[in-house]
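# Structural characterization, general
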Amino acid sequence: MESFVTTFDTTVDDALFWLSDHAAFVFDGIRALLEGLYDGILWLLMLPPFWVVAVLSGLIGWRVLGTGFGVVGALGLIACAAMGLWPETMSTLALVVAATAIALAVGLPLGVLAGLIPRLDGALTPALDLIQTLPPYIYLLPAIALMGYGPATALIATVIVAMPPAIRLTSLGIRQTRTEFLELGEAVGASRAQMFFKIRLPFAVPSIMAGINQSLMMAFGMVVIAGIVGSGGLGETIYSAIRTLDIATSINASIAIVVLTMLLDRMTQAAARTK
């Protein structure tokens, strides 16, 4: 048994070394694309003054959840700037937005296919179980080996963690379309495309929105953990504060993370309820 474990570990190490030696250009390209996406989102978020972003967020919060939430959300973002953590807060938001966008671009179509094809859903279920069961740190190690430290590594790990909820809940929504409506579509001669876009998809939207919400929450959790690989943002701030026992800074950064998480969580939940 011990020899098998040793052989397996050696094989994994050799495979990583082979990839880093022979496919470095591929991973360099992936890193450049991911960091370009992250830098572009961060540039957009940092372009206006902090108070403009806070006011816009407050207006959106007021529109979807009422005056109280809008005011509290705007004040929370202003507090992030007052604590001197505005660049880190926007960096964290850029990481979350970029990772969630990639995760949804892959997860939503895959979830739709899994909802329409039972065999695919059965094959994906154990893989998604494995992804959600393994410790999140596991996904950082091969990314570090292949792409080094930085935002790209954090994005890869965050995308892996954020995909399962989107796939699961999208598949669930597609599969739970009420039978009588499907039969009605067949009775009136609806095509497969019409059955999907006019019957299955509208019924699945609340479940899909819940999946988007959960993907955002998983991305937030992973982005904080990914601070150990030099991803920037509040995760790296907390990690640095822990290393130097700077309790005040770690508390400030934690408050900023809570503000961001609650804003996006409540807004996406409200969107799901509206749909």
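Residues numbered from 1 in each chain as written. Predicted model: local features only at pLDDT ≥ 70, side-chain atom pairs only at ≥ 80, totals over all residues. Heavy atoms only, no water.

### Brief notes about the packing of aromatic side chains
We apply this condition: By convention, a stacked pair of Phe, Tyr or Trp rings (six-membered ring in the case of Trp) has centres within 6.5 Å and planes under 30 degrees apart, an edge-to-face pair has planes over 60 apart, and any other such pair is tilted. By definition, any uninterrupted DSSP run of H or I lasting at least four residues is a helix, any uninterrupted run of E lasting at least two residues is a strand, and each is numbered from the N terminus. Only protein chains enter the accessibility calculation, which uses a 1.4 Å probe; a residue is then buried when its area is under 20% of its type maximum, exposed when over 50%, and partly exposed in between.
Counted under the stated rule, the structure contains two aromatic pairs. Look at F50 and W86: their rings are 6.0 Å apart centre to centre, the planes differ by 65°, and that puts the pair in the edge-to-face class. On the criterion of sequence distance, the pair formed by F50 in helix α3 (residues 50–65) and W86 in helix α5 (residues 86–116) is long-range, its members being 36 residues apart. We classify W86 as buried; its relative accessible area is 8%. Here F196 and F197 contribute two aromatic rings whose centre-to-centre distance is 4.9 Å and whose plane-to-plane angle is 80°, an arrangement assigned as edge-to-face. F196 sits in the buried class, given a relative accessible area of 16%.

### Considerations on the packing of α5 against helix α10 (residues 192–225)
Our working definition: Helix axes are fitted only over the stretch in contact, all axes being lines through C-alpha atoms; the angle between N-to-C directions runs from 0 to 180 degrees. It is the rotation of the near helix from the far one that decides the hand of a crossing: anticlockwise by less than a right angle makes it left-handed, clockwise makes it right-handed. The contact criterion used throughout is that any non-hydrogen atoms of two residues lie within 4.5 Å. For this classification, Asp, Glu, Lys and Arg are treated as charged, while Ala, Val, Leu, Ile, Met, Phe, Trp, Tyr, Cys and Pro are nonpolar and the rest, including Gly, are polar.
Between α5 and α10, whose axes approach to 9 Å, the crossing angle comes to 145°. Between α5 and α10 the crossing geometry is right-handed. Across the interface between the two elements, T92, L95, V96, T100, L104, L108, V112 and L116 from α5 touch F196, R200, I208, I212, S215, L216, A219, F220 and V223 from α10. For the contact of α5 with α10, the per-class residue count stands at 13 nonpolar, three polar and one charged.

### Digging into the pattern of salt bridges
Operational definition: Within this document, salt bridges are pairs made up of a side-chain nitrogen of Lys or Arg and a carboxyl oxygen of Asp or Glu, the two lying within 4 Å of each other.
This model, assessed by the stated rule, comprises four salt bridges. The shortest N-O distance in the salt bridge between D129 and R168 comes to 2.3 Å. Separated by 39 residues along the polypeptide, D129 in helix α6 (residues 118–133) and R168 in helix α8 (residues 151–175) bring together distant segments of the chain. D129 sits in the partly exposed class, given a relative accessible area of 35%. With a relative accessible area of 27%, R168 lands in the partly exposed category. The salt bridge partner of R266 is D265, with a shortest N-O separation of 2.6 Å. Accessibility expressed as a relative area gives 32% for R266, which makes it partly exposed. A residue is classified by how much of its surface remains accessible, and D265, at 11% relative accessible area, is buried.

### What to know about the nonpolar core
For clarity, the cut-off: Only buried residues count toward a nonpolar core. Its members are Ala, Val, Leu, Ile, Met, Phe, Trp, Tyr and Cys residues joined through side-chain atoms within 4.5 Å.
In this structure, L77, L155 and L234 are the most contacted members of the largest nonpolar core, which totals 41 residues. It is α5 that contributes the most residues to this core, ten residues altogether. Ignoring anything within four residues of it in the chain, the contact list for L234 reads L85, E88, T89, T92, A253, A256, I257 and L260. Counting residues in hydrophobic clusters, the runner-up holds nine residues, among them L104, A166, A204 and I212.

### Overview of the confidence of the model for the protein
What counts here: The predictor attaches a confidence to each residue, and that confidence, scored 0 to 100, is pLDDT.
Of all residues in the protein, 97% attain a pLDDT of 70 or more, and the chain-wide mean is 85. Taken element by element, the protein is modelled with least confidence in helix α1 (residues 2–22), mean pLDDT 73, and with most confidence in α5, mean pLDDT 92.

### Things to note about the layout of surface pockets
So the rule is basically this: A pocket, in this scheme, is an open set of points on a 1 Å grid over the protein atoms alone with protein on both sides within 12 Å along at least 5 of 7 lines, while a cavity is a set where a 1.4 Å probe fits but cannot get out; residues line either one if an atom lies within 4 Å of a point. Grid points are joined across faces, edges and corners, and a volume is the space filled by probe spheres set on the points.
Quantified by volume, the largest pocket comes out at close to 250 Å³. In this structure, the largest pocket is lined by 13 residues; those nearest its centre are V53, S57, I60, L77 and L93. Broken down by secondary-structure element, the contributors of at least two residues to the lining of the largest pocket are α3, α5 and α12 (247–274). Residue composition of the lining of the largest pocket, grouped by class: twelve nonpolar, one polar and no charged. Taken as a whole, the second largest pocket holds about 200 Å³ of empty space. Taken together, L116, L182, E186, R192, M195, F196 and R200 make up the lining of the second largest pocket. Contributing elements (two or more residues each) for the lining of the second largest pocket: α9 (179–187) and α10. When residues in the lining of the second largest pocket are grouped by element, the largest group, four residues, is from α10. Residue composition of the lining of the second largest pocket, by class: four nonpolar, no polar and three charged.

### Some points on the packing of α6 against α8
Following both chains from N to C, one finds α6 and α8 inclined at 145°, their axes separated by 10 Å at the closest point. For the pair α6 and α8, the crossing hand works out as left-handed. Contact residues: α6 offers D121, L124, T125, L128, D129, I131 and Q132, while α8 offers I160, P164, P165, I167, R168, S171 and R175. Split by residue class, the contact of α6 with α8 holds seven nonpolar, three polar and four charged.

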